[in-house]
Amino acid sequence: MTHEGAASYVRLRTQRDLVDCVQVLAQVHLHSGYPVNWPERPAAWLTPPALLGAWVAELDGRIVGHVSLSRSRAGDVAPGLWSARRGVGVGMTAVVGRLFVAPSARGHGIGASLMARAVAKAREQALHPLLDVVATDTAAVALYECLGWRLLGTVEQRWGPAQSVTVRCYAAAT
């Protein structure tokens, strides 16, 4: 499916959007393996604690992408790495997450547009945007690096008693 000439835009996510967002997330999970572990309650997963904002991307009037921005939580590695290097508290950071674009809508700059909106919101609040990404998600890694994000480090995280995952931590360019 091509979308040449199609109009896309990013807007604030509403409560009504969550059903469509979960449907797109399911497509992404089947196609790309994101998220690695399917959440028990996907709509709640899209609305993490300390949410600062969430946005959707529309293409031809349909939701095709999503991103959120949250305050740092326990287990977010990137804020700890960045804060230690900068000598400031993790309260000066915001975590970009829950970024996904429908497989049929990729290649139109939608991921970059969503990222730009989340970064702008973080900067409006004088927070430095950071993120964690599973190292095997090479498409996401390529996007972040193409957008100028800087690698802070690569760490192993325990996601459960039998699951260890390699995570790359990034900071937005200053």
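Bear in mind the structure is a predicted one, so any value in this text is a computation, not a measurement. Numbering of residues starts from 1 in every chain and runs along the sequence as written. Thresholds applied to this predicted model are a pLDDT of at least 70 for local features of residues and 80 or more for the giving and counting of side-chain atom pairs; totals over whole chains, interfaces and linings are not thresholded and use all residues. Side-chain calculation: all heavy atoms of the structure are included, whereas hydrogens and water are not.

Caption draft 1: Structural view of the layout of surface pockets. Every definition here rests on a 1 Å grid over the protein atoms only: cavities are sets of points where a 1.4 Å probe fits but cannot get out, pockets are open sets enclosed by protein on both sides within 12 Å along at least five of seven lines, and lining residues have some atom within 4 Å of a point. Grid points are joined across faces, edges and corners, and a volume is the space filled by probe spheres set on the points. The space that makes up the largest pocket amounts to roughly 1200 Å³. The wall of the largest pocket is formed by 45 residues, among which Tyr34, Arg98, Leu99, Asp132 and Val133 lie closest to the centre. In this text, helices come from DSSP runs of H or I with a minimum length of four residues, and strands from runs of E with a minimum of two, each type numbered from the N-terminal end. Listing elements by their share of the lining of the largest pocket, those giving two or more residues are helix 1 (18–32), strand 3 (62–71), strand 4 (93–101), helix 4 (110–124), strand 5 (128–134), helix 5 (138–146) and strand 6 (150–160). Top element by residues in the lining of the largest pocket is strand 4. It accounts for seven residues. Of the residues contributing to the lining of the largest pocket, the split by class is 26 nonpolar, 13 polar and six charged. Under the scheme applied, nonpolar residues are Ala, Val, Leu, Ile, Met, Phe, Trp, Tyr, Cys and Pro; charged residues are Asp, Glu, Lys and Arg; polar residues are all the others, including Gly.

Caption draft 2: Looking closely at the nonpolar core. Residues enter a nonpolar core if they are buried and are Ala, Val, Leu, Ile, Met, Phe, Trp, Tyr or Cys, with the set joined through side-chain atoms within 4.5 Å. Whether a residue is buried, partly exposed or exposed follows from its accessible area with a 1.4 Å probe, protein chains only, as a fraction of its type maximum: under 20%, in between, or over 50%, in that order. Grouped together as the largest cluster of nonpolar side chains are 39 residues, with contacts concentrated most on Leu46, Val96, Ile110, Leu114, Leu131, Tyr144 and Trp149. In this analysis, two residues are considered to be in contact whenever any of their non-hydrogen atoms come within 4.5 Å of each other. If we skip the residues at most four places from it in the chain, leucine 114 touches Val10, Trp55, Val56, Ala57, Gly65, His66, Val67, Leu99, Phe100 and Val101. Core analysis: the second largest hydrophobic core is formed by nine residues, Leu130, Val167, Cys169 and Ala171 among them.

Caption draft 3: A look at the confidence of the model for the protein chain. On a range of 0 to 100, pLDDT expresses the predictor's confidence in each residue. The predicted model of the protein chain averages 92 in pLDDT, with 95% of residues at 70 or higher. Note on residues 1–5: pLDDT under 50 across the span, and six contacts to partners over four residues away in sequence or across chains.

Caption draft 4: Expanded view of the pattern of salt bridges. In the sections that follow, a salt bridge refers to a side-chain nitrogen of Lys or Arg positioned within 4 Å of a carboxyl oxygen of Asp or Glu. Throughout the structure, instances matching the rule amount to three salt bridges. Residue arginine 11 is joined to glutamate 58 by a salt bridge in which the shortest nitrogen-to-oxygen separation is 2.8 Å. A residue pair is termed long-range when its members are at least 10 positions apart, and arginine 11 in strand 1 (residues 8–12) and glutamate 58 in strand 2 (residues 51–59) qualify at 47 residues. Taking the relative accessible area as the measure of exposure, glutamate 58 reaches 10% and is therefore buried. Two residues, arginine 168 and glutamate 145, come together in a salt bridge whose shortest N-O distance is 2.8 Å. In this pair, arginine 168 is assigned in strand 7 (residues 163–171) and glutamate 145 in helix 5, connecting sequence segments 23 residues apart. On the basis of relative accessibility, which here comes to 39%, the residue glutamate 145 falls in the partly exposed class. A single network of salt bridges, built from pairs that share partners, joins Arg11, Asp17 and Glu58.

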